[in-house]
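# Working through the structure, step by step
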Amino acid sequence: MKKKLPQALLFIAGFSCLQFCIFSASFAQIKNSTAKPHPIGIVPADTIPAIVNYKIENNVVQFSSVLRPLRQIAGAPEPFYTYFWEFGDGQFSFEKEPQHVYPDSILYQARLFATNSYDDGKRPPTRPKPLKPGTSRPVLASNQQPDFFKSKGNIELKTNCMPKPSEDMMLVLGYRNKAENGTPALNGTIAILYNDKEFNKDNFELVEARLYNQEKKTSMDKYSTIAALKHGQSTPPFLASLNGPNQEDFNNIVVDEKGSALIKSSMEAFRKAEAWKFENLKTGQEKFLFLELKTTPEMIKDTNAVVKLTGMFIPDNPLVATEFFTMELQIVASHDPNKMMLRHSRMNYRFTGKNRKLSYKVRFQNTGKGPAKKVDVGVAISGVLDKNSVQIIDSKPKLRSCDSAYANQSCLDTISTTDSLHFIFKNIYLPGLQQKGVNDPDSTMGFIEYKIGFKDKPKKLPFKSGAAIVFDKNEPIYTNRAAGRYKMGLSPGIIAGYGFPFGNGNTPYSGQKNLTFGLSLAPYAPHRYYWQVELYMSTFAEKEYHISHTLGDGRLVPVMVDGKQQEGRVKYADSSVRIKVTTINIVPLQLRYNFNKYIGAGVGTLVALDIDKQVSPAKETVYQIVNAAGVQTELSASQTYDKKSYRLKDFQNTFFADIQVGKVHVGPSLGFRYLYTAQGSSNRLITYLTWKF
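All residue numbers refer to positions counted from 1 along the written sequence of the respective chain. It should be noted that, the model being predicted, local features are given only for residues of pLDDT at least 70 and side-chain atom pairs only at 80 or more, the latter also being counted only at that level, while totals for whole chains, interfaces and linings use all residues. In computing side-chain values, all of the structure's heavy atoms are included and hydrogens and water are not.

## A few points about the sheet that holds strand β11 (residues 204-210)
Each pair of strands is called paired provided DSSP finds at least two bridges between the two strands. Strands here are runs of E lasting at least two residues and helices are runs of H or I lasting at least four, both read from the DSSP assignment and numbered beginning at the N terminus. Spatially, β8-β9-β14-β11 is the arrangement adopted by the four strands of the open sheet, whose pairing is antiparallel. A single partner strand is all that each edge strand has here, and the edge strands are β8 (155-159) and β11. Neighbour-to-neighbour, the strand axes of this sheet turn through a mean angle of 25°, independent of strand direction. In this analysis an axis means a line fitted to C-alpha atoms, helices contributing only their contacting stretch, and an angle means the value between N-to-C directions, from 0 to 180 degrees.

## Details of the sheet that holds strand β3 (residues 80-86)
Strand order in the open sheet formed by four strands is β4-β3-β6-β7, with antiparallel pairing between adjacent strands. Only two strands of the sheet have a single neighbouring strand rather than two, namely β4 (92-93) and β7 (129-131). Pairing analysis gives two bridges linking β3 to β4, with the strands arranged antiparallel. Note that in β4 the partner of E86 across the bridge is F92.

## Points about the pairing of strand β26 (residues 463-471)
Relative accessible area decides the class of each residue, using a 1.4 Å probe on protein chains only: under 20% of the type maximum gives buried, over 50% gives exposed, and in between gives partly exposed. In terms of burial, β26 is a largely internal element, seven of the nine residues being buried. Alignment of strand β20 (residues 375-380) against β26, held across six bridges, turns out to be antiparallel. For D376, the partnering residue across the bridge sits in β26 and is V470. For β26 and strand β27 (residues 477-486), the ladder comprises six bridges, and the chain directions are antiparallel. Paired with I469 across the strands is I477, a residue of β27. Linking β26 back to β27 in an antiparallel pair, the connection comprises five residues, with D472 at a positive phi of about 55°.

## Topic: the side chain of N338
Here N338 lies in the loop between β16 (323-330) and β17 (339-343). Here a polar contact is taken to be a pair of N or O atoms separated by no more than 3.5 Å, where protein atoms must pair a possible hydrogen donor with a possible acceptor and residues adjacent in sequence count only if both atoms sit in side chains. Looking at N338, its side chain comes within polar contact range of the main-chain nitrogen of Q365, at 3.0 Å. Contact definition: two residues touch when any of their heavy atoms are within 4.5 Å. Ignoring sequence-local partners within four residues, the contact set of N338 consists of Y118, R363, F364, Q365, I469, F471, I477, T479 and N480.

Nothing here speaks to function; it is geometry throughout.
So this is what it looks like as structure tokens:
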């Protein structure tokens, strides 16, 4: 007789099958090029790549995509995607569903890089989409990009997103031959510098460089050599082993004096450089390189840090100036478009004070379906900063102050409250990202950049500021909090003490006083807890010690008196020794605490080691001499033995606790230290002076 399965097991098995079927159906719909997300709330995995779809009509390729459903972060604005399309022929678009006309009918690889904002998932991975556009046709005007070169130069950089640790990022490097250059065609070099030396670890890896205009990989060695020659070096440091150009190529390169100096200083600021040679760049022609960068897992995790990328345009024609374009990117934890950034957020506390100015930048973007006429950027000001010192550096849109504007004119107003500042853009037109007819995301963005100083010398503690952005009368959107932090810094010090070092109680020099000089090393001006190390070098004053006193036994022994040998009896003999000790004292571990600017305390351990001990034995003998007349006299004779040197002896381990009074952060102070020696009973209280720089 067959046993029936328990009803609970049947229910679990049926429910599991149902779940699998629903997920399979949902995934199949996402994979289908025309399908929409399944209404049932099954969320696909973040590893599902962006699906690129296209259709061709009259040789015009219409692109669209299928992306995983967005998952809104609780309390955040409505999530959305931004798009970067790389068409595979050297052209690109930031539109959601762009159109493109290819110049011929060969096989192309189209890519979509979609970035999710206000979404709790990862970015959809990118997968190339191969396509053949069909019959070739001249490129239409619809392929022209929105003005890429907004700085009006020969080179510009643009990314599809801010860098996020362990994610990829696309960098578009655009270069052109402006009509103002006055040359019908240009040859030269373009380069990208990355991984700035301000950070200890590399932030980027170049995964791939996609070139579409016959650019050729080259080296920056020749330019650094030229820069070195123009600034004092007599011979090129690596001319014999240049990677790429030969001696003739090197001699034919001409770079203007100012350009060579800028090349040198730029290259010194970065660890990595990639360069490409271009030829026959015609007047008005614009070309683009697509650099796929991966942010390393070791990328600095401080999401307030600002990293730099620098592009260089180096023409072979010396009449055309060398140009640079530096892009500042804030490391982010999410790709939300409203951000607050503190430039150089890790500061040197030694140079921080009332005269130090901090540079903040608040970015905002209208992500709505209609334009905004008013934007209120409210910034919470840290208590250590002086609101009255605020100076506006730049803004987008660029506006005049409302104090000098006529009625209803577009202007920028600044309002101060108890603990905040409001930068209000009035009577403007800021398009919405989802507004019909808006194809340039840059037109939906704005920023306010300002400088602000400290009230006084602050405490060495982190401080934070944040912003709330209100578009018209909508709910405020809160940015990240930009944190200012201080680098540790090092503070060397000198120490002069009375009583260092001392013996262990069992040596003849135990208890002798002496002056000792040493050095200390600690973090610069720590606020509370910190570690400190110390090193002392000291020498005991040379001193003679009596060893023994021995009486004579009455025997007659030969004695030299005035050059003549006579006989006498030993009355007594004294033995002594002279000792000079050189000692090194190390404090390898010391924890200190500053109660305020004037009182500090510490505990730690001190290791004392005799690195040189010189011992000089001596003996003095007193004789009784009887002459022929029977008169007795005394004669003293001294004898010094060979000096002996002992090294690395008498190791001691000492524990101590002390207190300092004075300028314990930086400057002079007086210390009192009690020492306890584990190997003996020579405990003592010593006094020392220290000065930290």
